[in-house]
Amino acid sequence: MKISNLILQSILIFMQETPLISVIIPCYNGEKYIETTLQHVINQTFTNWECIVVDDGSSDNSKEIITAFENLDNRIIYYYQDNQGLSGSRNSGTKISKGKYIYYLDADDLIDKNTLQNFVNLIPHNTDIIFGKTALTDGHNKNIIGYLEHFLPVNQKLSNTNYKLIPMVLNDKVSCVAHNRLYKKAFITKHNLAFKDRLLHEDELWFFETLINCQSIILSDQTTYYYNTGNQNSITNNFSIKNTKAYLDILDTIYQKYYLNAESPEAKNVTNLYLNYFKMTIITHCYFNTPNQDKEDVNKLITNAFKAVKLSEVSYNNLSSSLKKLHQNFKTVLPLGLDKTLNYLRWYRSKSLKKIIKRQLILIQAKMA
């Protein structure tokens, strides 16, 4: 019986010993989601992949569900470990992966059937990281309620010459997530990159470390990922003082590892810019979301952490005029304390006359202090 060239090609790809892409799925008590998520991986139109599901000490039926898939498809690999958290799970999956490229997928999210093929189509651009487009859903489904937009140019190689990618992502916001990006494994290995152990909001640190070390990136205009914002067990939906401590840990790590030990003046300057940006994020996200009963303790934590990060003068040449003004005014207003700084930052882009006047009064007060 004559087999078509397309079927023969698929069989040959499937039989290849080395997969092109390693999909890594951390799973902790994910029985509610993991079956559907794995089905979306198996349904990929691109077939030369392996999928490593890291069972991070689950106590539910996750193992039974995953091993059932493993028995049906030898591209599914079940790996058990005692609980190490999301960072440890991703690191374990990366360590045992065989693929040339790494793709992180969370157990409660979904991917499109053409996701891996869309990434493969961009591989010839020879970049360290390929960014997919992430859709937001209210649940473990494909009912889109929004997007994590990336406003940089799409489908073209963006070079990191003179560390210009960090100013680019500050000017045109790119989401600080690790999932839905295809990483060249050789790039991860070369720079000894790993998710920091037991760190909440580990994606924030990973985002900076991958961007400052990479040579280039490319962003796809295709929707490749469905991010479940409706999972109430997610750490992003349960904010507490430990979240603030995690952000402050990230601030200190970037300062100690990349600012104090910068390889060049350019690297030091972009790290300076990022640290100032991250301070603003800590105030507008962590301090703003802190429950009132913890406000005083968190205020002290943030204030002391900021004092420990001693930065020199910085060049704003690669920032837009609006963002440059924001950075400069932030440094001027910060001595007034977190409450007034928070108000200034929240009102900075407001077109309300009342808020414009209020923020200007804060700035005047800071300049007169």
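Let me sum up the structure you'll find in this document. Predicted model, so just to flag it, every value in this text is computed and none were measured.

Describing the packing of helix α12 (residues 321–333) against helix α13 (residues 338–347)
Moving on, step 1. Look at α12 against α13: their axes get within 10 Å of each other, and the N-to-C directions meet at 160°. Judged by the inter-axis angle, α12 sits roughly antiparallel to α13. Seen from above, α12 lies across α13 with right-handed handedness. Contact with α12, carried on its side by Leu326, Asn329, Phe330 and Val333, involves Lys340, Thr341, Tyr344 and Leu345 of α13 and no other residues of that element.
Moving on, step 2. Within the contact of α12 with α13, the residues separate by chemical class into five nonpolar, two polar and one charged.

Looking at the environment of Asp339
Moving on, step 1. Structurally, Asp339 can be placed in helix α13.
Moving on, step 2. On the accessibility criterion, Asp339 (44% relative accessible area) is partly exposed.
Moving on, step 3. Each residue touching Asp339, except ones within four places of it in the same chain, is listed here: Tyr287 and Asn299.

Things to note about unusual backbone geometry
Moving on, step 1. Despite not being glycine, Asn162 has its phi angle at roughly 55°, a positive value.
Moving on, step 2. The residue Asn162 is located in the loop between β8 (158–159) and α6 (165–171) in this model.
Moving on, step 3. The phi dihedral of Arg198 is positive, around 60°, even though this residue is not glycine.
Moving on, step 4. With respect to the helices, strands and loops of the structure, Arg198 is situated in the loop between α7 (185–190) and α8 (202–213).

Points about the nonpolar core
Moving on, step 1. Within the largest apolar cluster, 71 residues are counted, with the highest numbers of intra-cluster contacts made by Leu211, Ile217, Tyr274 and Ile282.
Moving on, step 2. Per-element tally for this core: the top contributor is helix α10 (residues 265–289), with 11 residues.
Moving on, step 3. When residues no more than four places from it in sequence are discounted, the contact partners of Ile282 are Tyr247, Leu248, Leu251, Tyr287, Ile302 and Phe306.
Moving on, step 4. Core analysis: the next-biggest nonpolar cluster, separate from the first, contains 30 residues, Ile66, Tyr78, Tyr103 and Ile130 among them.

Each value, and the rule that gives it
- Residues numbered from 1 in each chain as written.
- Predicted model: local features only at pLDDT ≥ 70, side-chain atom pairs only at ≥ 80, totals over all residues.
- Heavy atoms only, no water.
- Axes fitted to C-alpha atoms, helices over the stretch in contact; angles between N-to-C directions.
- Helix = DSSP H or I, 4+ residues; strand = E, 2+ residues; numbered from the N terminus.
- Parallel < 35°, antiparallel > 145°, perpendicular 65-115°, else oblique.
- Left-handed = near helix turned anticlockwise from the far one by under 90°.
- Contact = heavy atoms within 4.5 Å.
- Nonpolar A, V, L, I, M, F, W, Y, C, P; charged D, E, K, R; others polar.
- Buried < 20%, exposed > 50% of the residue type's maximum accessible area, 1.4 Å probe, protein only.
- Core = buried A, V, L, I, M, F, W, Y, C linked by side-chain atoms within 4.5 Å.

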